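# What the coordinates show
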Protein chains: 2
Amino acid sequence: MGTEIERKFLVKGDEWRSLGVAEIYRQGYIANYNGRTVRVRVVGNQGYLTIKGLTTGSSRAEFEYKIPVEDAQELLETLCDRPLIEKTRYKILMGDLIWEVDEFSGENQGLILAEVELETEDQNIDIPHWIAEEVTSDPRYYNVNLVKNPFKP
Amino acid sequence: MGTEIERKFLVKGDEWRSLGVAEIYRQGYIANYNGRTVRVRVVGNQGYLTIKGLTTGSSRAEFEYKIPVEDAQELLETLCDRPLIEKTRYKILMGDLIWEVDEFSGENQGLILAEVELETEDQNIDIPHWIAEEVTSDPRYYNVNLVKNPFKP
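Only a predicted model underlies this, so the values are computations on that prediction, with no experimental measurement involved.

This part is about the relation of the copies chain A and chain B. Turning chain A through 180° and shifting it by 0.0 Å along the axis lays it on chain B, with an RMSD of 0.0 Å. What the rotation and shift describe, once combined, is the action of a two-fold rotation axis. The share of interface residues of chain A whose copies in chain B are also at the interface is 100%, consistent with both copies meeting through the same surface.

With that out of the way, let us pick up the side chain of Thr50(A). Residue and element names in this part refer to chain A. If you trace the backbone, Thr 50 turns up in strand E4 (residues 46-52). A distance of 2.5 Å separates polar atoms of two side chains, one belonging to Thr 50 and the other to Glu 64. Leave out the neighbours within four places in its chain, and Thr 50 touches Thr 37, Val 38, Arg 39, Glu 62, Phe 63 and Glu 64.

A word on the layout of surface pockets. Volume-wise, the largest pocket comes out at about 660 Å³. Going through the elements one at a time, strand E1 (2-11), strand E2 (21-33), strand E3 (36-43), strand E4 (46-52), strand E5 (59-67), strand E6 (85-94), strand E8 (112-117) and helix H2 (143-148) of chain B are the ones with two or more residues in the lining of the largest pocket. When residues in the lining of the largest pocket are grouped by element, the largest group, six residues, is from E1(B). Taken together, the residues of the lining of the largest pocket sort by class into eight nonpolar, nine polar and 16 charged. Glu4(A), Glu6(A), Arg39(A), Lys52(A) and Glu115(A) are, among the 32 residues lining the second largest pocket, the residues nearest its centre.

Definitions and limits used
Residues numbered from 1 in each chain as written. Chains lettered and ligands numbered in written order. Predicted model: local features only at pLDDT ≥ 70, side-chain atom pairs only at ≥ 80, totals over all residues. Heavy atoms only, no water. Least-squares fit on C-alpha atoms with pLDDT ≥ 70 in both. Contact = heavy atoms within 4.5 Å. Helix = DSSP H or I, 4+ residues; strand = E, 2+ residues; numbered from the N terminus. Polar contact = N/O pair within 3.5 Å; in protein donor to acceptor, adjacent residues only side chain to side chain. 1 Å grid on protein atoms, 1.4 Å probe; cavity = no way out; pocket = protein on both sides within 12 Å on 5 of 7 lines; lining within 4 Å. Points joined across faces, edges and corners; volume = space filled by probe spheres on them. Nonpolar A, V, L, I, M, F, W, Y, C, P; charged D, E, K, R; others polar.

Remember that the coordinates give geometry; whether it matters functionally is a separate question.
As structure tokens, this is what we get:
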């Protein structure tokens, strides 16, 4: 297993868009239960099944497994809460960190979030100038909560 | 994915015990949410992650994946509801059907259940004479419910 340590931010301007490589992410939640989430994701021709524990600070237990894309599609269609989350993820390398900027579509159109995964909770990071307010601890921006309460700009 | 079609029964006597090959099963539930369950199981040196949909009649969508046993142990210890389910499963071949007899220990000690997996809901089966009452539709005997409401003989 891993522990995911992650900080999350809002984004300003448009410059980030030209810095990254974009891929479409489609995901849904089989369960959001006792602080645990079970997520299905499709990226390209690969499916993923991901279990996460309760978030404490910016850390969270995470177990991720590759699954056949056909299974993932079927799980999304038949066993996930509505609406599904659809977003374009831009991966941007800055120094030795990978920033992931998610531009949401569908029900959450208009929302853009940047995430960066860290080695330790107190790791110093250089914040790119296209990064705005930090929202790491704001549950409104958890993807699982964007299902029931989509973002309204 | 598969559809699991299964009938479940109580058991009488002790004869079944000598007919099967026994293995220890340890399992728990990460989620029991909107009729979907996410189960972790350890059998021998193998871990399994299993997602099941709502039961209709004796059928249920089922997606099962092998995962490393170390992950499964950690999921059982840290992300599953208490108590865990512990049972010895006897697999018994009768004709072309495999009967699975589960003898529960731990919180559900005293409970013995037999299950048989079918190809179709209306498949004719020969019922062994050590099989008693059918409990397919009785939610008290769903393993996920035996976590919160253990069997009391």
